[in-house]
Structures are given as structure tokens and as C-alpha cells.
Amino acid sequence: EIIADINSDNVPVEEIMIVVAEDASVAKIKVSKYTSKPSTVSEPTTDVYKYLDISATVDIESAEIKFTVTDDWLNDNDVLPKDVILLHYDTEAEEWVVLTTEHVSGNTYKATTKSLSVFAISAKEKVVADETGDKTISEKVSDVVDSVLTDEDESVNKINLAGIIFIAVVFVIAIYINKEKIHK
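In this text, all values refer to a predicted model and were calculated from it rather than measured experimentally.

(A) Representation of the pattern of salt bridges. In total, this model carries two salt bridges according to the counting rule given. Across the salt bridge formed by lysine 110 and glutamate 64, the nearest N and O atoms sit 3.8 Å from each other. Highlighted residues: lysine 110 in strand 9 (residues 108-113) and glutamate 64 in strand 5 (residues 60-68), separated in sequence by 46 residues. Owing to a relative accessible area of 18%, glutamate 64 belongs among the buried residues under this scheme.

(B) Up close: the sheet that holds strand 10 (residues 118-123). Here five strands make up an open sheet; going across it, the order is 3-4-10-6-7 and the pairing antiparallel. If you trace the sheet from one side to the other, it starts and ends with strand 3 (29-34) and strand 7 (95-99), each paired once. Between one strand and the next, the sheet's axes are offset by a mean angle of 30°, whatever the strand orientation. Where strand 4 (residues 48-56) lies against strand 10, five bridges are found, and the strand directions are antiparallel. From the neighbouring strand, lysine 50 faces strand 10, where its bridge partner is isoleucine 121.

(C) Representation of unusual backbone geometry within the structure. Even without being glycine, aspartate 78 reaches a positive phi, approximately 55°. Checked against the element boundaries, aspartate 78 lands in the loop between helix 1 (71-76) and strand 6 (84-90). Classification of aspartate 78 by relative accessible area gives exposed; the value is 63%. Of note, glutamate 94 is a non-glycine position whose phi angle comes to about 55°, a positive value. Tracing the sequence through the fold places glutamate 94 in the loop between strand 6 and strand 7.

Cut-offs and rules
- Residues numbered from 1 in each chain as written.
- Predicted model: local features only at pLDDT ≥ 70, side-chain atom pairs only at ≥ 80, totals over all residues.
- Heavy atoms only, no water.
- Salt bridge = Lys/Arg side-chain N within 4 Å of Asp/Glu carboxyl O.
- Helix = DSSP H or I, 4+ residues; strand = E, 2+ residues; numbered from the N terminus.
- Buried < 20%, exposed > 50% of the residue type's maximum accessible area, 1.4 Å probe, protein only.
- Pairing = 2+ DSSP bridges.
- Axes fitted to C-alpha atoms, helices over the stretch in contact; angles between N-to-C directions.

No statement about biological role is implied by the geometric values presented.
Encoded structure:
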């Protein structure tokens, strides 16, 4: 286990605790802050506070990253402390992965990862309320299915009604024709 205290005003990382995959007497940990999104990663779907690149000279089993977010960014982006997350860019899958993130206290958060590369300090996606209110996804899907079934039932009922009317008209005509033949 290696603990690195990061003492830099330029990087919003306070500490990194690494569990190494092998015995290592010496390890170097490098933390870099990007001024904008690195060209090697896709754009996350959430607001980003800072992009980071974290690397080590040893293979890791896991790393706990303690980082900070300013009150200004939280306020400017209407983000609650409970909604701060750390994203890790999975280079193999070429996608952002949300890491379980814990609000430690004040402006400090921590998240654990199984590998190191590019990270983004971000916020959970904002949920936009709609006319369905607080319904779960499955409830919304159920409502749509019920709506489709109701529409199909109505069209089936209309077809059935039209069919019954048609049969009744044919039956009345057949009776009329038979009466005409009988009276002749």
C-alpha cells in the first residue's frame, strides 16, 4: 500500500492511496491536470469540473483518490455535494465509467478505481422532470405499453363493430332477397 499526499494548488487531488499488485520498494505516482478535455477521450455527458491524468510506475490492484471541488463550481453549475462524481475513462471500452464516489466532508470527496488513466471530476446527470412525475422507468414503459394496447383494443373494437354491421346488412339483404323469391 502506497499513500501519496499531493501538495499542489494546481491539482484538485489531495491524496492517492494505491494497493500495488506486486511488491514494490519504490513507486512514482504522477498526477496531471488538463486545462480542457484531452483529445484521446470522448466527451462525457455531464458537466466537468477538471480533467486529470493519473499514472504510476507500478501495476495496481486499486487506488483510492481523494479530490476537492470548489464551492464556486458547485454553485455555478447548480450541483449538490451528494451529486459530485469521479469518472474514469476506460481506454479499452472507450467510454466513461462512473466510479462510486463518497462525499468525505467539506469540499473533499473520494472514489476507488481498479486502474489509472484519465479521470474527470464531474456531477451526476441532472434528472429533468416530465409530465410523468416521479415514475420509475419500468412504470413509464408500462404506461406506454398500456397506451399502445388500449389504442389497439379500440381499433380492434372498431373493426369488430364494422364487421358486425357489415354481416348484419348482408343478412338483412339476404332475408329481403329470400322474401322476394318466396313471394314470386
